[in-house]
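The lines below spell out each chain.
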Amino acid sequence: MAEEELMFSMEEVGSPWDGPRSGCAKSGVTFQDSNASDDEDDDEDDLRICPITDDPMSPTKGFFDYPKNVVCNQQFSNSLPKNSFTYRATWRHAIQKARALPDPWAEFHLEEIETERCTRYRYNAVTGEWAKDDIYIKVSSQVFGKGAMRECYRAKKLSNFSHSSNWKSASNYVAKRYMETVDREVYFEDVRLQMEAKLWGEEFNRHRPPKQVDIMQMCIVEMTSRPGSPLFHLEHFIEGKYTKYNSNSGFVRDDNIRLTPQAFSHFTFERSGHQLIVVDIQGVGDLYTDPQIHTEKGTDFGDGNLGVRGMALFFHSHLCNKICRSMGLARFDLSPSETAQLDCTNKLLQSAKTALRGCEEQCGSPRVRTTSLGHMPVLLSRLSESLSVDESSDTDSIPCSPLTMGISAGRSPMGWSFMNEMNEAYRANIDHKDSENGGDSGYPSEKRSEGDSVEHHSQLTEEKWSFFHSSRSHIHRPSCVAMEVERLNTMLLERKICKSILGKVHLAMVRYHEAGRFCEKDAPWDQISAVYHLERAAMCGELEAIVALGRCYLQLPHHILPEFELEASVENSKKGFCLLLQAAEAGDRPSMILVARALDTGLNLPSDRAMDWKHAVYWYDSALKMTDYDEGGEFDGMQDEPRYLLLARLAEMYQEGGYNLDADPQRAGDLFTEAADAAMEAMKGRLANQYYMKAEEAWAMMEE
């Protein structure tokens, strides 16, 4: 097999075959095949070697995760023991070859720049903890690249493990800073985002895709010697063609299309139970940097987090490829016209030549066993385990793998809250072990030094994972509405309404269509597709969509797609009434009143139903029990029907009787009196007097 050009960025590298706890293995070795792409058949010649790191804050500390990086002359076997000659020779050959390559930044003479001592902050997404130390770097004063918000500087960092000051052999880094002044917390939030996205890359790799991915390690450096102690993001420099595959606003690259980046984004949506999606995939080959995470709430991970709107933007431009299908990812529901618009993408997908191995793990498999990751420690192998999900529990509030273990002081790095009782139980368990083992449980405490905390870091994270995994499970949910509806049908009504993130994504698609986001300027927007997604949102139990669609079927005013009208028909009348009845059962007060009016007067009542005052009274009563007061305690005059009008109508029905309702003059008089009191509160004095008179008339009928 011909040797291929290698690109790399490396700190000083010790013996990589010395085992997981090797003190001489250094951070930052990254080899990459310059010709690697999804257009090549890499079924046999993949050598999957992970960046070796002795970084105690890295979730990949001291083991091999095998992203596609380097192809050597000798085939590497995962089954070979680490002390075998073939294993050592392969690694020795790869590192010698990497060291022989020239420094791509030699011409800039960074070694001549003044050395600066700065403070480095590294984040561990597994534990949600930060580590702080001092490092020495040299940073160029000239900008060599700019993005939308940040500018890049060339830098070199001297390894903390190095015993020499040979800056010519120091690792190349890229220092990035925001061009506009931002809050310092923004830098830390960016690192948290990227490190948690890195864990999703690990989770993706454990399902054995044709090509594995990795997300670059990133840290923060505080230049304490400079005025104001400015912050920079620091990443390894990776030489190669930098490509943006998709963005946080739905763009998907349509030339030289890649399968893996889009499948990775789709995977994160399903594997997280729709709670998030990792997008803005960009980098060199399948080594990504600067990703963005959209979450359901959209309040964390900075301004780039567009929430369910960002998820909708991705799926509007995503057409499932063969990697998605091989991993069992479900197709997101798109209308026929939207699918037709992706025909060009479909042709490009068919031209991609990634070879599926046929052993990819299904995303929803009950347990992921990745035999190629034989050297993976127990901690991260447990990230891929799936326990059965109890749908009776509030699963929407449960974070899923691999962010389940991102906890610190009872809070996950995603912002999801864990039960305080669980944290207390865990800490109590650790304290008990400390008392038995002389305080050597690995849990960082005030009594331990920083070095002790690092020494016991592995034990700490493994114990945390074991404890919390016993009560938390993966929540895999497909992207298609049919399977989501099947899941919701097993839940109680009050738990299925507005509990589907997928429904919120489809509702966001409706709003984008209505706003003209998916059409050319001055071109008519696609109303048919908008209604298609409105129907899917309603099927998923999104209350706003249920109400809007029900009103649309009945030709009633609706605030979503207000200009769209459906033809009046018997079938549409039945559908509309059923939807409003569903909304009423879910607690929507205007829908309760509409259903009550229909059963009371026959207006908007479908042909298969008859007037029924008994049920109308039930819905009027239900509407009256809903609060008529806002947070300030004052009467809310914006309600669809004032309280006094509903009370008066109930009184009239009890006074008259009929349609399965027995006349009750006593009840009618009491209701007229309540209506009069409510009218007085609403400053309707004349109307109140009329209700008082009607109350007397009703009571007079009772005496007769």
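Since the model is a prediction, treat every value here as computed from it, not as a measurement. (Residues numbered from 1 in each chain as written. Predicted model: local features only at pLDDT ≥ 70, side-chain atom pairs only at ≥ 80, totals over all residues. Heavy atoms only, no water.)

1. Notes on the environment of Ala682
Structurally, the position occupied by Ala682 is in the loop between helix 21 (665-681) and helix 22 (685-703). Between the C-alpha atom of Ala682 and that of Pro642, which follows or precedes it by 40 residues, the distance is 8.8 Å. (Helix = DSSP H or I, 4+ residues; strand = E, 2+ residues; numbered from the N terminus.)

2. What to know about the packing of helix 14 (residues 501-514) against helix 15 (residues 527-539)
Relative placement of two packed helices is described by the angle separating their axes and the distance separating the axes. Contact geometry for helix 14 and helix 15: axes closest at 8 Å, N-to-C directions at 160°. Relative to helix 15, the element helix 14 is oriented roughly antiparallel. Considering only the axes of helix 14 and helix 15, their crossing is left-handed. Only Ser529, Ala530, His533, Leu534, Arg536 and Ala537 of helix 15 make contact with helix 14, whose side of the interface consists of Gly503, His506, Leu507, Met509, Val510 and His513. (Axes fitted to C-alpha atoms, helices over the stretch in contact; angles between N-to-C directions. Parallel < 35°, antiparallel > 145°, perpendicular 65-115°, else oblique. Left-handed = near helix turned anticlockwise from the far one by under 90°. Contact = heavy atoms within 4.5 Å.)

3. What about the pairing of strand 4 (residues 129-146)?
Inspection of the sheet shows strand 3 (residues 116-124) paired to strand 4 by 9 bridges, in the antiparallel sense. Its bridge partner being in strand 4, Cys118 is matched across the sheet by Ile135. Sheet topology places strand 4 next to strand 5 (residues 150-158); 7 bridges connect them, and they run antiparallel. Paired with Lys146 across the strands is Glu151, a residue of strand 5. (Pairing = 2+ DSSP bridges.)

4. Let's talk about the environment of Cys498
Counting through the fold element by element, Cys498 comes out in the loop between helix 13 (493-496) and helix 14. Linking Cys498 and Cys540, residues 42 residues apart in sequence, is a C-alpha distance of 7.9 Å.

5. Details of the side chain of Arg150
You can see Arg150 is positioned in strand 5. At 2.5 Å, the side chain of Arg150 and the side chain of Asp290 are in polar contact. Not counting chain neighbours up to four residues away, the residues in contact with Arg150 comprise Lys176, Arg177, Tyr178, Met179, Met218, His233 and Asp290. (Polar contact = N/O pair within 3.5 Å; in protein donor to acceptor, adjacent residues only side chain to side chain.)

6. Points about the side chain of Glu189
Looking at the element boundaries, Glu189 is found in helix 2 (residues 184-205). Those residues within four positions of Glu189 in sequence are excluded, and the remaining contacts are Asp300, Phe301 and Gly302.

7. Some remarks on the sheet that holds strand 12 (residues 282-284)
Taken in spatial order, the 4 strands line up as 7-13-12-10 in an open sheet, and their pairing is mixed. Each edge of the open sheet carries a strand with a single partner, namely strand 7 (214-215) and strand 10 (242-244). Relative to strand 13 (residues 287-288), strand 12 runs antiparallel, the two sharing 2 bridges. Residue pairing for strand 13: Val284 is matched across the bridge by Leu287.

8. What to know about the packing of aromatic side chains
In this description, an aromatic ring pair is defined by two values, namely the gap between the centres and the angle between the planes. Overall, the coordinates contain 18 aromatic pairs when judged by the stated rule. The interplanar angle of 70° and the centroid separation of 4.9 Å between the aromatic rings of Phe269 and Phe315 together place this pair among those described as edge-to-face. Here Phe269, found in helix 3 (residues 260-271), pairs with Phe315, found in helix 4 (residues 308-316); they are 46 residues apart in sequence, far enough to count as distant. Between Phe315 and Phe332 the ring centres are 4.5 Å apart and the planes differ by 15°, which places this aromatic pair in the stacked class. Here the residue Phe315 occupies a position in helix 4, and Phe332 occupies one in the loop between helix 5 (322-326) and helix 6 (336-341), the gap between them amounting to 17 residues. In this structure Phe315 comes out as buried when scored by relative accessible area, which is 0%. By relative accessible area, which is 3% here, Phe332 ends up buried. Over the ring of Phe108 we find Arg154, and its NZ or CZ is 3.6 Å from the ring centre. The aromatic ring of Trp613 is capped on one face by Arg649, whose charged end is 5.4 Å from the ring centroid. (Phe/Tyr/Trp six-rings, centres within 6.5 Å; stacked < 30°, edge-to-face > 60°. Buried < 20%, exposed > 50% of the residue type's maximum accessible area, 1.4 Å probe, protein only. Lys NZ or Arg CZ within 6 Å of the ring centre and 35° of its normal.)

9. Re the sheet that holds strand 5
The strand order around the closed barrel formed by 6 strands is 3-4-5-6-9-8, and the pairing between neighbours is antiparallel. Each strand of the sheet is rotated relative to its neighbour by a mean of 45°, with strand direction disregarded. Sheet topology places strand 6 (residues 171-178) next to strand 9 (residues 231-236); 4 bridges connect them, and they run antiparallel. Across the sheet, residue Val174 finds its bridge partner in strand 9, namely Glu235. Sheet strands in contact with helix 2 are strand 3, strand 4, strand 6, strand 8 (218-222) and strand 9, and its direction is about 160° off that of strand 8.

10. What to know about the confidence of the model for the protein
Caution applies to low-pLDDT parts of the model: their predicted coordinates are not meant to be read in detail. Averaged over every residue, the pLDDT of the protein is 74; residues scoring 70 or more account for 67%. Model confidence for the protein, summarised as mean pLDDT per element, is weakest for strand 1 (residues 6-9) at 35 and strongest for strand 8 at 96. Within the model, the stretch residues 1-79 combines pLDDT values under 50 with 242 contacts to residues more than four positions away or in other chains. (pLDDT = per-residue confidence, 0-100.)

11. Considerations on the packing of helix 15 against helix 16 (residues 543-553)
The geometry of helix 15 relative to helix 16 is characterised by a closest axis approach of 8 Å and an angle of 125° between their N-to-C directions. Comparing the axis directions of helix 15 and helix 16 gives the class oblique. Crossing of helix 15 against helix 16: the hand is left-handed. Residues Leu534, Glu535, Ala537 and Ala538 of helix 15 lie in contact with helix 16, whose contacting residues are Ala545, Ile546, Ala548, Leu549 and Tyr553.

12. Considerations on the pattern of salt bridges
The full count for this structure, using the stated rule, is 25 salt bridges. Asp214 serves as the salt-bridge partner of Lys198, at 2.8 Å between the closest nitrogen and oxygen. In this pair, Lys198 is assigned in helix 2 and Asp214 in strand 7, connecting sequence segments 16 residues apart. Accessibility classification places Lys198 together with Asp214 in one group, the buried group. One network of salt bridges, in which partners are shared, links Arg150, Lys176, Glu235 and Asp290. (Salt bridge = Lys/Arg side-chain N within 4 Å of Asp/Glu carboxyl O.)

13. Some thoughts on the environment of Leu231
Examined against the element boundaries, Leu231 turns out to sit in strand 9. Overall, the relative accessible area of 5% leaves Leu231 in the buried class. Separated by 47 residues in the primary sequence, Leu231 and Arg184 have C-alpha atoms spaced 7.4 Å apart. Setting aside its immediate chain neighbours within four residues, Leu231 contacts Arg177, Arg184, Tyr187, Phe188, Ile220, Val221 and Glu222.

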